[in-house]
Amino acid sequence: MIQFVRGRMPVDFSAYLLVYGVVLVPGIIFVTALVVALNALLRNRYLVYMLAVGTGAGLFYLYSTGYNHWLYNPLLYQLWQYQDLASARILAYRLYCLIATLACLALAHLLFERRSDAWISEPGIPRPY
């Protein structure tokens, strides 16, 4: 929208799609999977909220002071340039992020408490709601 307002035409939508598809969307999916895994592991929503916000603020502080490495920076904050999108190295970083996402989702799936349907076969036990 800012490019339209300032009159900078034509707008290259492929550049935005490339940045969103390669850098931003995998990062959002990873953070979501990590919070879901923490929620299944800790079983306390407010503790997970506190950990997620605290970890995000702490990592942002560390990244801002120069402590940014791709191993503990899956969002690639301050680690890439637009020219890097053409290289295979950023795709390797995204593969690392995808593997971490799948591990978090697998952990959440294994640890998520499911309701038992054993009460159906026993008459006299009230149905839980």
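Refer to the structure above for everything that follows.
Computed from a predicted model, the values in this text were never measured in an experiment.

## What about the layout of surface pockets?
Over the atoms, a rolled probe matching the size of one water molecule traces out where space is still vacant.
So, step 1. There is about 350 Å³ of room inside the largest pocket.
So, step 2. Around the largest pocket, the lining is made up of 16 residues, and of these Val 31, Thr 55, Gly 56, Leu 59 and Leu 75 lie nearest the centre.
So, step 3. Of all the secondary structure elements, the ones that give two or more residues to the lining of the largest pocket are α2 (13-42) and α3 (45-64).
So, step 4. Per element, the largest residue contribution to the lining of the largest pocket is seven residues, and it comes from α3.
So, step 5. Taken together, the residues of the lining of the largest pocket sort by class into 14 nonpolar, two polar and no charged.

## Describing the side chain of Arg 94
So, step 1. As for its position among the elements, Arg 94 is in helix α4 (residues 88-111).
So, step 2. For Arg 94, a relative accessible area of 8% puts it in the buried group.
So, step 3. Here the side chain of Arg 94 touches Val 23 through a polar contact of 3.1 Å, landing on its backbone oxygen.

## Concerning unusual backbone geometry
So, step 1. A positive phi is found at Arg 43, a non-glycine position, where the angle reads about 55°.
So, step 2. Within the secondary structure layout, Arg 43 lies in the loop between α2 and α3.

## A few points about the side chain of Thr 101
So, step 1. If you trace the backbone, Thr 101 turns up in helix α4.
So, step 2. The class for Thr 101 is buried, based on a relative accessible area of 3%.
So, step 3. Separated by 2.8 Å, the side chain of Thr 101 and the backbone oxygen of Cys 97 make a polar contact.
So, step 4. Beyond its immediate stretch of four places on either side in the chain, Thr 101 contacts Ile 29, Phe 30 and Ala 33.

Cut-off values and rules
Residues numbered from 1 in each chain as written. Predicted model: local features only at pLDDT ≥ 70, side-chain atom pairs only at ≥ 80, totals over all residues. Heavy atoms only, no water. 1 Å grid on protein atoms, 1.4 Å probe; cavity = no way out; pocket = protein on both sides within 12 Å on 5 of 7 lines; lining within 4 Å. Points joined across faces, edges and corners; volume = space filled by probe spheres on them. Helix = DSSP H or I, 4+ residues; strand = E, 2+ residues; numbered from the N terminus. Nonpolar A, V, L, I, M, F, W, Y, C, P; charged D, E, K, R; others polar. Buried < 20%, exposed > 50% of the residue type's maximum accessible area, 1.4 Å probe, protein only. Polar contact = N/O pair within 3.5 Å; in protein donor to acceptor, adjacent residues only side chain to side chain. Contact = heavy atoms within 4.5 Å.

So, to be careful, I would describe these as geometric facts and stop short of saying anything about function.
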